[in-house]
Amino acid sequence: MAVRPIVVWPDSRLREEAKTVETITDEVRSLYKDLWDTMVAYQGIGIASPQIGVAVKMFLIDAMVATGEDGAPPVAFINPEVIATGTETDKSDEGCLSFPGIYVPIERPAEATIRAMGLDCEMFEIAGTELLARAIQHENDHLTGKLMVDFVGPLKKRMIKRKLARESDYEGAEAEG
Ligand SMILES: [Zn+2]
C-alpha cells in the first residue's frame, strides 16, 4: 500500500477517458489499496483513479458516506454507471483533491442511483441522496474527464487556475494554458 501523489488540475491526465476494468486482478486490488491510502492521507471522502494518474474506471467513497458503516473499508465502484437521477436539484459547495483549497457551488440532481462492480466481482446498486448523491456524481464525472471547473464560467475558471498556480510548487502550472 502506498500514498500516491495527487494529480492537480490543469494536468491533462485528469481529462483522459478511463478504461473499463476487465477483471479483478492483483493489479486492481493494489490500485484500490493505493487509492484508499491516498484518500485517507489527503482526508478526502472520495477519490477516483485518474486523480493518482491511472485512467481506469474505479473510484472509492468513504464507507461512512456510502453505507453509513463506521470504520469499514471504503466502497470500491468499478465500471460504474449512474442509472437514475432525481428531478429535484440541490446546490452545494464541492471540493476536490485535484483542486486543493478550492470550493465551488455546484447544482446537481439531489438523488442518484449508481450500478457498479465491487472488488468481489459482484454487481451492486446504491441509491444516494444529499452528500452521497453528490459524491457519486462527482467521482463518476472523473472517469469521463469531467471536472468541477466545467460547471463554472470562464472568469471563475481563470481565478481558480491562478490560485492553484500560485500555491503550486510546479512553476510551469500557470503557463499550461
Ligand atoms: Zn474530484
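Residues numbered from 1 in each chain as written. Predicted model: local features only at pLDDT ≥ 70, side-chain atom pairs only at ≥ 80, totals over all residues.

## What about the confidence of the model for the chain?
- Per-residue confidence for the chain averages 94 on the pLDDT scale, and 94% of its residues sit at or above 70.
- When the criterion is pLDDT under 50, residues 171-177 qualifies, and its contacts beyond four places in sequence or with other chains add up to five contacts. (pLDDT = per-residue confidence, 0-100. Contact = placed C-beta atoms within 7 Å.)

## So, the pairing of strand β3 (residues 75-85)
- Of the strand pairs in this sheet, strand β2 (residues 58-61) and β3 are connected by four bridges, and their pairing is antiparallel. The residue of β3 that forms the bridge with Ile 61 is Val 75.
- In terms of strand pairing, β3 meets strand β6 (residues 111-117) through five bridges, oriented antiparallel. Bridging from a neighbouring strand, Ile 78 pairs with Met 117 of β6. (Pairing = 2+ DSSP bridges. Helix = DSSP H or I, 4+ residues; strand = E, 2+ residues; numbered from the N terminus.)

## Considerations on the sheet that holds strand β7 (residues 123-129)
- The strand order across the open sheet formed by five strands is β1-β2-β3-β6-β7, and the pairing between neighbours is antiparallel. Of all strands in the sheet, those with a lone pairing partner are β1 (46-48) and β7, marking the two edges. The average undirected angle you get between the axes of adjacent strands in this sheet is 40°.
- Bridge count for β6 against β7 is seven bridges, and the pairing is antiparallel. Bridging across to β7, Glu 111 finds its partner in Thr 129.
- Along the sheet face, helix α1 (residues 26-41) touches β1, β2 and β3 and points at about 40° away from the line of β2. (Axes fitted to C-alpha atoms, helices over the stretch in contact; angles between N-to-C directions.)

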